[in-house]
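Fold and geometry: a report
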Amino acid sequence: MHRQRADRTNPSDPTRTLTIMRIGIVILPDQRWSESQRRWRQADEWGFDHAWTYDHLGWRDLVDGPWFDSMTTLTAAATVTSRIRLGTLVASPNFRHPAAFARQVTAVDDVSGGRLLLGIGAGGIGFDATVLGGETLPPRQRVDRFGEFVELLDLVLREDGTTWRGDWFAAVDARNNPGCVQQPRVPFVLAANGPRSMRLVARFGQGWVTTGAGGDDLESWWSSVAELSARMDKALGEAGRDPATLDRYLSLDSAPVFSLSSADFFAEQVDRAARLGFTDVATHWPRATSWYAGDEAVLVEAAGLLPELRRA
């Protein structure tokens, strides 16, 4: 079936033209590797541009089921794929220190031959925030910590022998040798919905990822995405940065409707993201039950549409 792409300009910004859309998939780390490796191989073979996994010690009601470490999973995924980019959606400061995490980042970038994308967020609430015995931080403090995490991680990945101290993290002569395959470091894809986090994106991010700002129905969710995109433009403008230098990622399944409800619906959502100036989208591998419940047959059909959906 032929799907014509809509107008090549974003209605909210007539000066922005659509670029080629990159399409990714999120594979939750909730299966033993003997089972999940098939998914990573297929994502690579089908032509997805990037594949992601969650960075949690346990996630929502799935905390009672199987769950595996993100960086170890990405390392394994790197050994069974050859082309697709691999990433965290998103790495959490709840249980990570930038100096130690930098070593893991360097290792995965090395094993993958420079295919790592590093999604980073402020750290969620719930199990990850309490499992180590701490208290859940209020939003302002989480953003404070997020800023320090990103700044120190950036320093350690780019410079050898970093000494730095903040309110949340510190490092003394932290080493980065041999450094990342991707220079000066792996790309940061920073999660941001608020103004302070968006300023952090403008300063450190090669990419920005958003889940939208909620909404009880699909249209209100898309309205929130459009508003957040406009705010990101404003933050970039205030920082004196060209918006064209920032890749924009949208997690489609934060919407009230699963993006892989059907292949046609998926194509519509990809097109809507492109109209708003997003360069990248991500869907989720369908699960049998609970979160992202769906039919793998729809994923197979959607994968067959990738070349067409990718064209601007």
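The numbers attached to residues start from 1 for each chain and follow its sequence in the written order. In view of the model being predicted, local features appear only for residues whose pLDDT reaches at least 70, and side-chain atom pairs are presented and counted only at 80 or more, with totals across whole chains, interfaces and linings using the full set of residues. Each side-chain value is worked out from all heavy atoms of the structure, with water and hydrogens disregarded.

Looking up the protein chain in an unreviewed UniProt entry gives the name LLM class flavin-dependent oxidoreductase, with the organism given as Micromonospora globispora. UniProt positions are given in the numbering used here, feature names are shortened, and annotations may be inferred rather than shown by experiment. As stated in UniProt under Subcellular location (unreviewed entry), the record for the protein chain gives "Membrane".

Every regular strand shows the same layout, with side chains that alternate between the two sheet faces. Working definition: with a 1.4 Å probe on protein chains only, accessible area under 20% of the residue-type maximum means buried, over 50% means exposed, and in between means partly exposed. The helix and strand labels rest on DSSP assignments: H or I over at least four residues marks a helix, E over at least two residues marks a strand, and numbering proceeds from the N terminus. Among the five residues in strand S12 (residues 280-284), five count as buried, and that is most of the element. Where burial is concerned, the two faces of S12 agree: the one with Asp-280, Ala-282 and His-284 and the one with Val-281 and Thr-283 are both buried. When DSSP finds two or more bridges between two strands, those strands count as paired. Where strand S3 (residues 22-26) and S12 come together, five bridges link them in parallel fashion. Note that in S12 the partner of Ile-25 across the bridge is Thr-283.

Right, let's get into the pattern of salt bridges. Salt-bridge detection follows one rule: a side-chain nitrogen of Lys or Arg within 4 Å of a carboxyl oxygen of Asp or Glu. On inspection of all chains with the given rule, the structure shows 19 salt bridges. The closest approach of N and O atoms between Arg-22 and Asp-247, which form a salt bridge, is 3.2 Å. Of this pair, Arg-22 sits in strand S3 while Asp-247 sits in strand S11 (residues 247-251), and the two are 225 residues apart along the sequence. Overall, Asp-247 belongs to the partly exposed group, its relative accessible area being 27%. A salt bridge links Arg-248 to Asp-233; its shortest N-O distance comes to 2.4 Å. Of this pair, Arg-248 sits in strand S11 while Asp-233 sits in helix H7 (residues 218-238); the two residues are 15 residues apart in sequence, bridging distant segments of the chain. Salt bridges here are not isolated pairs; linked through shared partners, they connect Asp-154, Arg-158, Glu-159 and Arg-185.

So, on to the UniProt feature "domain: Luciferase-like" (unreviewed entry) in the protein chain. Following the UniProt record, one finds the feature "domain: Luciferase-like" (unreviewed entry) at residues 21-251. End-to-end, the C-alpha atoms of residues 21-251 are 14 Å apart, and along that stretch the chain is 41% helix and 19% strand.

One fewer than the residue count of a helix, multiplied by 1.5 Å, yields its expected span. For helix H8 (residues 263-275), spanning 13 residues, the distance from its first C-alpha to its last is 19 Å, which sits close to the expected 18 Å at 1.5 Å a residue. Turning to H8, its buried residues number three or more, namely Ala-263, Phe-265, Phe-266, Ala-267, Gln-269, Val-270, Asp-271, Ala-273 and Ala-274. Residues of H8 that are buried sit in contact with S3, H7, S11, S12, helix H9 (296-304) and helix H10 (306-310). At the exit of H8 stands Gly-277, carrying a positive phi of roughly 90°. Working rule for contacts: check all heavy atoms of both residues, and any pair within 4.5 Å makes them a contact.

Here we take up the sheet that holds strand S9 (residues 188-191). Strand order in this closed barrel of eight strands is S3-S4-S5-S6-S9-S10-S11-S12, and the pairing throughout is parallel. For this sheet the average axis-to-axis angle between neighbouring strands, irrespective of direction, equals 25°. In the sheet, strand S4 (residues 50-53) pairs with strand S5 (residues 85-91) via four bridges, with the strands oriented parallel. Within the sheet, the bridge partner assigned to Trp-52 lies in S5 and is Gly-87. The convention used is that axes are lines fitted to C-alpha atoms, helices contributing only their stretch in contact, and that angles between N-to-C directions extend from 0 to 180 degrees.

Quick look at the packing of aromatic side chains now. The geometry of an aromatic ring pair comes down to the distance between the two centres and the angle between the two planes. In summary, the pairing rule links any two rings of Phe, Tyr or Trp, Trp by its six-membered ring, whose centres are within 6.5 Å, and it sorts them by plane angle into stacked for under 30 degrees, edge-to-face for over 60 and tilted for everything else. Applying the stated rule across the entire model yields 11 aromatic pairs. Taking 6.2 Å as the distance between ring centres and 40° as the angle between the ring planes, the aromatic pair formed by Phe-101 and Phe-149 counts as tilted. Highlighted residues: Phe-101 in helix H3 (residues 98-111) and Phe-149 in helix H5 (residues 139-158), separated in sequence by 48 residues. On the basis of an interplanar angle of 25° and a centroid distance of 5.7 Å, the ring pair of Trp-208 and Phe-278 is categorised as stacked. Here Phe-278 lies in the loop between H8 and S12 and Trp-208 lies in strand S10 (residues 207-210), a separation of 70 residues in the sequence. Following the ring pairs from residue to residue traces out a cluster consisting of Tyr-54, Trp-59, Trp-67, Phe-258, Trp-291 and Tyr-292. Here, a charge over a ring means that NZ of Lys or CZ of Arg falls within 6 Å of the ring centre while also lying within 35 degrees of the ring normal. Directly above the aromatic system of Trp-291 lies the positively charged group of Arg-60, at a separation of 4.6 Å from the ring centroid.

With that settled, the discussion passes to unusual backbone geometry. The peptide bond linking Leu-89 to Val-90 adopts the cis configuration, its omega dihedral lying at 0°. For Val-90, the location among the structural elements is in strand S5. Backbone torsion omega between Gln-183 and Pro-184 reads 5°, so that peptide bond is classified as cis. You can see Pro-184 is positioned in the loop between strand S8 (170-174) and S9. In this structure, Ser-290 is a non-glycine residue whose phi angle is positive, near 60°.

This next bit is on a nonpolar patch on the surface. The patches reported here contain residues having more than 30% relative accessible area and no salt bridge. Joining distances are 9 Å for like charges and 5 Å for nonpolar side chains (Val, Leu, Ile, Met, Phe, Trp, Tyr). Exposure was quantified through the Shrake-Rupley algorithm and a 1.4 Å probe, taking into account, for residues, occlusion by the shown protein chains and nothing else. A grouping of Leu-57, Phe-127, Val-131 and Leu-132 is seen on the molecular surface, where their side chains present a nonpolar patch of about 340 Å² in accessible area. Of note, Val-131 is situated in the loop between helix H4 (127-130) and H5. Take Val-131: its relative accessible area is 37%, and that puts it in the partly exposed class.

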